[in-house]
Amino acid sequence: MFHFVWAAAVAALGALIALDYRNLAIRMYDIIGMVTPGGPPDPRFTPDHLRVIWAILAIVFAVVAIVRGVALFG
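Now for a look at the structure at hand. No experiment lies behind these values; they were computed from the predicted model shown.

The rules behind these values
Residues numbered from 1 in each chain as written. Predicted model: local features only at pLDDT ≥ 70, side-chain atom pairs only at ≥ 80, totals over all residues. Heavy atoms only, no water. Helix = DSSP H or I, 4+ residues; strand = E, 2+ residues; numbered from the N terminus. Contact = heavy atoms within 4.5 Å. Phe/Tyr/Trp six-rings, centres within 6.5 Å; stacked < 30°, edge-to-face > 60°. Buried < 20%, exposed > 50% of the residue type's maximum accessible area, 1.4 Å probe, protein only.

Take the side chain of R51 next. With respect to the helices and strands, the residue R51 is situated in helix α3 (residues 47–73). If sequence neighbours within four positions are ignored, R51 has contacts with I17, A18, D20, A25 and I26.

Enumeration over the complete set of coordinates arrives at 3 aromatic pairs. Centroid distance F2 to W6: 6.4 Å. Interplanar angle 15°. Geometry classified as stacked. Placement of the pair is F2 and W6 together in helix α1 (residues 2–19), with a separation of 4 residues, close to one helical turn. Here the aromatic rings of F4 and F73 are separated by 5.7 Å at their centres, their planes lie at 80°, and the arrangement is edge-to-face. Of this pair, F4 sits in helix α1 while F73 sits in helix α3, and the two are 69 residues apart along the sequence. When its relative accessible area of 58% is taken as the criterion, F73 is described as exposed.

Okay, structure coming up:
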């Protein structure tokens, strides 16, 4: 059950960041810049790159959530 909930949560968060509702990708990019020990990311790494990464994560974890959901409830 834990894997299903975790996968669904990551898929939902990834979809929100990828769709950039209320500039979540820019906020996430700023958080990465604040907590990274070496400083902010390379200037070539833009919030658009972050959106693509989160879109891929959203798709992968949505598939995992569907497979786990079918295994649990099917």
